[in-house]
Amino acid sequence: MITYTDSPIDRFPVRLTLPVLWGHMDAFRHVNNVVYFRYFESSRIAYFEAGKLMEIMERTGVGPILAETSCRYLKPLVFPDTIEVGCRTTVVRSSEMEQEYAIYSHRQDRIVARGWGLIVAYDYHALKRASARSGGGDRTRRYALDHPHHRARSRALIVYHR
């Protein structure tokens, strides 16, 4: 079951600051629903880079892949605006982790969307899910930046995009 928390944006260790562009809007004069998933994707990749998961994938061929995702739209976004998109890990299992995403609107001074994603360890050489025995689970657990086990060592990372 997908659960969304009411956490404020500063509880997410990886946050991107992004502009809402005119081209993100659709015929209904708000940001198109698909664009929210692009925002989540950008924060997820920043999270993977902060945890060195992309480097490990290049070296070993085992890395993260998105298996499932969802979004709860709370308020519409419109141009112009600046948003912060947060990403954090909430659950870690042997070869997968669940992530939570949030989009904070500076114009509205509130979180306007929350998302969820299931990330699994994937063997890009064998083109299949990596087993815990292949080390995929260890890498997933070790680089879950904000899992409760690692929270004491976790620091917020803010990446600015223009």
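Quick caveat: nothing in here was measured; it's all calculated off a predicted structure. Residue positions are counted from 1 within each chain, in the order its sequence is given. Given that the model is predicted, a residue must reach a pLDDT of at least 70 before its local features are reported, and side-chain atom pairs must reach 80 or more before they are shown or counted; all residues, however, enter totals for whole chains, interfaces and linings. Hydrogens and waters are ignored; side-chain quantities use all the structure's heavy atoms.

1. A word on the overall build of the protein
Helix and strand labels come from DSSP, where a helix needs a run of H or I of at least four residues and a strand needs a run of E of at least two; each type is numbered from the N terminus. On a plain count of helices and strands, the protein comes out with 3 helices and 7 strands. Taken from N to C terminus, the helices and strands of the protein fall in the order β-α-α-β-β-β-β-β-α-β. A total of 162 residues make up the protein; the buried ones form 48% of that total. Any two residues whose heavy atoms approach within 4.5 Å at even a single point are treated as in contact. Counted over contacts in the protein with a minimum sequence separation of 6, partners at least 24 positions apart contribute 72%. By element, 52% of the accessible surface of the protein is carried by carbon and sulfur atoms, the whole surface being about 9,100 Å². Burial status follows relative accessibility: with a 1.4 Å probe on protein chains alone, a residue under 20% of its type maximum counts as buried, one over 50% as exposed, and anything between as partly exposed. Computed by Shrake-Rupley with a 1.4 Å probe, the accessible areas treat only the displayed protein chains as cover when residues are assessed.

2. Here's the deal with the nonpolar core
Note that soluble globular proteins tend to have their nonpolar side chains buried in a common cluster. In terms of nonpolar packing, the biggest core is built from 26 residues, with Val31, Tyr36, Tyr39, Leu77, Ile83, Val85 and Ile103 touching the most fellow members. For this core, the elements supplying multiple residues, two or more each, are strand E1 (14–20), helix H1 (33–50), strand E3 (81–93), strand E4 (96–105) and strand E5 (110–123). A per-element tally of this core places H1 first, with 7 residues. Once residues within four sequence positions are removed from consideration, Ile103 is found in contact with Tyr36, Tyr39, Phe40, Leu77, Ile83, Glu84, Val85, Arg110, Ile111, Val112 and Ala113. Counting 5 residues, the second-largest nonpolar core is a separate cluster that includes Ile9, Phe12, Ala102 and Tyr104. Nonpolar core, defined: a set of buried Ala, Val, Leu, Ile, Met, Phe, Trp, Tyr and Cys residues in which side-chain atoms within 4.5 Å join the residues together.

3. Some points on the packing of aromatic side chains
When two rings of Phe, Tyr or Trp (its six-membered ring) have centres within 6.5 Å they constitute a pair, described as stacked for plane angles under 30 degrees, edge-to-face for angles over 60, and tilted for the intermediate range. All chains considered together, the criterion is met by 7 aromatic pairs. With centroids separated by 5.7 Å and ring planes inclined at 85°, the aromatic side chains of Trp22 and Phe79 adopt a geometry described as edge-to-face. With a gap of 57 residues between them, Trp22 in the loop between E1 and H1 and Phe79 in the loop between strand E2 (62–73) and E3 connect regions that are remote in the sequence. Ring centres of Tyr36 and Tyr73 lie 4.9 Å apart, and the angle between their planes is 90°; this geometry places the pair in the edge-to-face category. Here Tyr36, found in helix H1, pairs with Tyr73, found in strand E2; they are 37 residues apart in sequence, far enough to count as distant. By way of ring pairs, the aromatic residues Tyr36, Tyr39 and Tyr73 are connected into one cluster. In this analysis the charged atom, NZ for Lys or CZ for Arg, is taken to sit over a ring once it is within 6 Å of the ring centre and within 35 degrees of the ring normal. Positioned over the ring face of Phe12 is Arg88, at 4.6 Å from the centre of the ring.

4. What to know about the environment of Arg107
Take Arg107: it is sitting in the loop between E4 and E5. With 25 residues separating them along the chain, Arg107 and Thr82 place their C-alpha atoms 7.0 Å apart.

5. Regarding the side chain of Glu98
Within the secondary structure, Glu98 is located in strand E4. The buried category is assigned to Glu98, whose relative accessible area is 15%. Glu98 has contacts with Arg88, Thr89, Thr90, Val91, Arg93, Trp116, Gly117 and Leu118, leaving out every residue within four places of it along the chain.

6. Comments concerning the pattern of salt bridges
Criterion for a salt bridge: a side-chain nitrogen of Lys or Arg within 4 Å of a carboxyl oxygen of Asp or Glu. What the rule picks out here adds up to 7 salt bridges. The partner of Arg15 in a salt bridge is Glu84, and the shortest N-O contact between them spans 3.3 Å. One end of the pair, Arg15, is in strand E1; the other, Glu84, is in strand E3, with 69 residues separating them in the sequence. Here Arg15 and Glu84 have matching classes, each one buried. Measuring nitrogen to oxygen at the nearest pair gives 2.4 Å for the salt bridge that ties Arg129 to Glu96.

7. Some words on helix H2 (residues 53–60)
Among all positions of H2, only Leu53, Ile56 and Met57 are buried. Each buried residue of H2 sits inside an arc of 100° when the element is viewed along its axis, so together they form one side. Facing away from the buried side of H2 by more than 90 degrees, the exposed set consists of Glu58 and Arg59. Comment: arc refers to directions from the helix axis out to C-beta atoms.

Without other data, these values stay purely geometric and don't point to any function.
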